[in-house]
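# Coordinates in review
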Amino acid sequence: MSKSKASQCVITVEKYQGVNTPIFTSTANRYREYDDTVYPRYYNTLNQKAIGNKLAALEGGEFGMIFSSGMAAISTAIFSQVKSGDHIIISSEIYGGTHKLILSELEKFQISYDFVSGNDPDGFERLISENTKVIYTETPSNPLLTIVDLKALADIAKKHGVISIVDNTFASPINQNPILLGFDIVTHSGTKYLSGHSDLCFGAVITNNHLGKQIYECALNYGGSLNALDNYLIDRSIKTLAVRVERQNENASKLAELLHSSSQIKKVYYPGLTNHPGHEIAKKQMIGGFGGMLSFELNDNLDTEKFLDTLEMVIPAVSLGGVETIICQPSKTSHIKMPVADRLKMGITDNLLRLSVGIEDVNDIWKDLHRALEKL
Ligand SMILES: *Cc1c(COP(=O)(O)O)cnc(C)c1O
């Protein structure tokens, strides 16, 4: 065989019957024999399609597609539904990056918006006007784990012919499936629970076929597609999503109870605790569990920095959803740009800490937290 034939030494997929989708890295693909041109930015490689289908199955949607980040998924989903002159209503308790997207991008396109405290569906309804096109929310929210009644909000959106979008990152599809409660579009920062190993950034949108087509057409133009190697890691991660999240639910529930009973802690925010204001709604809609995220506030006189310094196992780090337990101070990380008065009004004090609970032995996590509390 001549050297020039080396480029044709390709093993076709049909020949093997493996349980994994082969990593498909090709950006240049034959077109003459096929109806469909395969190209990564057309979101139609084997790996992209396999993961999109998996996520659609997990969320109970008809259509799923993946993006290079959570923000790529969120921005594409929103901009696929609005044009100049339209109006959007958004929960005020949302991820900082999404908040920034709304503040810095919508006005340029003459799209107006209103923020509403997310746990009041009637507050959304009161703001709906003729040009309202989208309602956008997030539950549980970051960092105070506020709960929004998804069914109530979806019903309001339907009644007024408005598209409903929810960021389901904190719950993960194992715990909560908003489409089954009537939501039109679900977004994820797959960087968190879906990938679960703190080693890659991706985003996802799950919806019905009709809206999926609109989002897809918009995505082609924005071009937030993801590479084949990361696709492979995602496919691998999703295989263990359910067992990871089940363990995280279990660990977080135990830790919430233990932290709640500590005299050095002023308040614990976890939807699984019966004293959480959203507990009853969470019980109805978080069918798999209350999630692996919780926040707690140290007593006023305690030194938060010293607490973080004393931890040996729990890692002070940003992001969330990985197999390792990490902790952060929202006032110094996710909410650092928010005016102090606004953040204090929300309840985000300097003594508030957010814990992303991992899959370690819960006794080890508690021992570390407990020891650091005792040292204060
Ligand atoms: C991290 C996060 C995002 C943004 O996702 P990226 O993957 O960082 O772009 C959006 N929503 C929530 C709730 C998040 O936690």
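Higher on the page you've got the structure.
### A closer look at unusual backbone geometry
In this structure, the amide linkage connecting Thr 139 to the following residue, Pro 140, adopts the cis form with an omega of -10°. For Pro 140, the location among the structural elements is in the loop between strand E4 (132–138) and helix H5 (150–159). Cis peptide bonds are those with omega within 30 degrees of zero, and the linkage from Asn 142 to Pro 143 qualifies with 0°. Checked against the element boundaries, Pro 143 lands in the loop between E4 and H5. One non-glycine residue, Gln 110, adopts positive backbone phi at about 50°. For Gln 110, the position within the fold is in the loop between helix H3 (96–105) and strand E3 (112–116).

### Notes on the sheet that holds strand E1 (residues 63–67)
Read across the sheet, seven strands follow the order E1-E7-E6-E5-E4-E2-E3 without closing on themselves; strand pairing throughout is mixed. The open sheet terminates on both sides in strands that have one partner only, identified here as E1 and E3. On average, each strand axis in the sheet is inclined to that of its neighbour by 20°, with strand direction left out of account. Relative to strand E7 (residues 203–207), E1 runs antiparallel, the two sharing five bridges. Residue Ile 66 lies in a different strand from E7, and its bridge partner there is Ala 204. Across the face of the sheet, helix H1 (residues 46–59) comes into contact with E1, strand E6 (185–189) and E7 while running at roughly 125° to E1. Contacting strand E2 (87–91), E3 and E4, H3 runs over the sheet at an angle of about 145° to E3.

### Examining the site of the ligand
Lining the immediate environment of the ligand, one finds 15 residues, of which Met 71, Asp 167, Ser 189, Thr 191 and Lys 192 sit closest. Between the ligand and Ser 189, the relevant distance is 2.9 Å, taken from an oxygen atom to a side-chain nitrogen or oxygen of the residue. For the ligand, whose free accessible area comes to 380 Å², the fraction covered by protein is 92%. When residues of the shell around the ligand are assigned to their parent elements, the largest contribution, three residues, is made by helix H2 (residues 70–79). Of the residues contributing to the shell around the ligand, the split by class is seven nonpolar, five polar and three charged.

### Observations regarding the pattern of salt bridges
Taken as a whole and assessed by the stated rule, the structure comprises 15 salt bridges. Residues Glu 312 and Arg 371 are paired through a salt bridge, measuring 3.7 Å at the closest nitrogen-oxygen approach. Note that Glu 312 is positioned in the loop between helix H11 (304–310) and strand E10 (315–316) and Arg 371 in helix H13 (residues 362–374), a separation of 59 residues in sequence. The exposure class of Glu 312 is exposed, given its relative accessible area of 67%. On the accessibility criterion, Arg 371 (24% relative accessible area) is partly exposed.

Parameters and conventions
- Residues numbered from 1 in each chain as written.
- Predicted model: local features only at pLDDT ≥ 70, side-chain atom pairs only at ≥ 80, totals over all residues.
- Heavy atoms only, no water.
- Helix = DSSP H or I, 4+ residues; strand = E, 2+ residues; numbered from the N terminus.
- Pairing = 2+ DSSP bridges.
- Axes fitted to C-alpha atoms, helices over the stretch in contact; angles between N-to-C directions.
- Contact = heavy atoms within 4.5 Å.
- Near = heavy atom within 4 Å.
- Polar contact = N/O pair within 3.5 Å; in protein donor to acceptor, adjacent residues only side chain to side chain.
- Areas by Shrake-Rupley, 256 points an atom, 1.4 Å probe, with all protein chains shown as cover.
- Nonpolar A, V, L, I, M, F, W, Y, C, P; charged D, E, K, R; others polar.
- Salt bridge = Lys/Arg side-chain N within 4 Å of Asp/Glu carboxyl O.
- Buried < 20%, exposed > 50% of the residue type's maximum accessible area, 1.4 Å probe, protein only.

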